Amino acid sequence: MTFISRIVLLIILLFTVSGVAAQQTSISTDEVYGSDPLLYNGKYYTFFPPLNTGGNQFLTDRQFEVGSVTIRGVTYTDLLLNYDIYNQQLILKYKNRTGATNLIIVSDAWLESFSFGGISFEMISTPDTLKRIFQVLGTGPNRILYYWKKNLSLDSFYGAKNHIFSVAKKEMNVFTGNQILKYWNNKSFYSLFNPEKRRAVKEYIRKHNINVKKANDQAITELIYYCNSLNEK
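Residues numbered from 1 in each chain as written. Predicted model: local features only at pLDDT ≥ 70, side-chain atom pairs only at ≥ 80, totals over all residues. Heavy atoms only, no water.

Asker: Which parts of the structure should I look at to understand the overall build of the protein?
Answerer: Tallying secondary structure elements over the protein gives 4 helices and 12 strands in all. Sorting the 233 residues of the protein into buried and exposed places 34% on the buried side. In the protein, 52% of the contacts between residues at least 6 apart in sequence involve partners at least 24 apart. Counting every atom, the protein has about 14,700 Å² of accessible surface; 55% of that belongs to carbon and sulfur. (Helix = DSSP H or I, 4+ residues; strand = E, 2+ residues; numbered from the N terminus. Buried < 20%, exposed > 50% of the residue type's maximum accessible area, 1.4 Å probe, protein only. Contact = heavy atoms within 4.5 Å. Areas by Shrake-Rupley, 256 points an atom, 1.4 Å probe, with all protein chains shown as cover.)

Set out below in C-alpha cells:
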C-alpha cells in the first residue's frame, strides 16, 4: 500500500469513528432527557431547604401525586407532580431511560394548566401582566381563584437557629370579566356583585352557613355555581 493510500484510508477511518461517536452522543442525550422536549425542557429542581428546616415548601406535603399537565394545548397524563408554592414552581418527577430519578421544573413559558390530587390549577395573567398559578374552582363567567403561598422564617422559639415554613396561605379572588377581584370575608365577597344579585348571594351564604375563609372547596364551588346561575335569570 502506497503512502497516499494509507493517508486516504486513515481519513476515512477518522470520519467513520467521528460519525459513530456523534450518533452515540445523540442517543445518549435522548435517553437522559426524554423524547418530548415540550414537556422535558425545564431546569433541574435544586431547591432543598437546610437540614432541620420545619415544614416543607409544597402545597400539602413532599409526596408526589399522579396528575396531568397541559402545555401549548397538549395534555400529558399519568405524571408525578408536586407544587412548590414557596418558589411558585410546578415540579415533575420522572425516571429517565437510564433508570435515574430526576426532578425538573416544568417551564412556565407555555404552561397552561395542571391538576393533581383532585385540585385544578391554571396559569392566568394578573393586572400587572405577570402570570401566576391559581387554583381554580368552578366554570362560567365567574370563577374562584386561590393564590397559594408560604413564607420561610426563623423558628419563633427562644434561641432557635432553625428555619420553618409557614402553613399554606391563600389569597381569595373572584375572576370575572377578565378581572381578578380580591375578597377577604363574606361581606367583601358578596359586595363584588351588582346590587341586583348581591342580596341573593348574601342570602345563599346565610342559608348555607358559609364562611368563605374556612369553607371547603366543594362548598365554595357550589357557591360560585349559584352566583353564575343568577346570570341566567
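Asker: What is the right way to look at the nonpolar core in this model?
Answerer: One broad rule of soluble globular proteins: the nonpolar side chains tend to lie buried together. Counting 42 residues, the largest nonpolar core has Val 69, Phe 114, Ile 144, Phe 189, Ile 220 and Leu 223 as the members making the most contacts within it. Beyond its immediate stretch of four places on either side in the chain, Val 69 contacts Val 74, Thr 75, Tyr 76, Leu 79, Leu 81, Leu 90, Val 106, Leu 111, Ser 113 and Phe 114. Counting 7 residues, the second-largest nonpolar core is a separate cluster that includes Val 136, Tyr 147, Phe 175 and Ile 180. (Core = buried A, V, L, I, M, F, W, Y, C linked by side-chain atoms within 4.5 Å.)

Asker: Could you clarify how one ought to interpret the side chain of Thr 70 in this entry?
Answerer: Considering the arrangement of structural elements, one finds Thr 70 in strand β1 (residues 65–71). Judged by its relative accessible area of 13%, Thr 70 falls in the buried class. A distance of 2.9 Å separates polar atoms of two side chains, one belonging to Thr 70 and the other to Thr 75. Discounting residues that sit within four places of it in the chain, Thr 70 has contacts with Thr 75, Trp 110, Leu 111, Glu 112 and Ser 113. (Polar contact = N/O pair within 3.5 Å; in protein donor to acceptor, adjacent residues only side chain to side chain.)

Asker: Explanation requested: the side chain of Asn 142 in the structure shown.
Answerer: Summarising the element assignment, Asn 142 is placed in strand β8 (residues 142–149). For Asn 142, a relative accessible area of 6% corresponds to the buried category. If we skip the residues at most four places from it in the chain, Asn 142 touches Val 174, Phe 175, Thr 176, Phe 193, Ile 224, Cys 227, Asn 228 and Asn 231.

Purely spatial values, then, with no claim about function.
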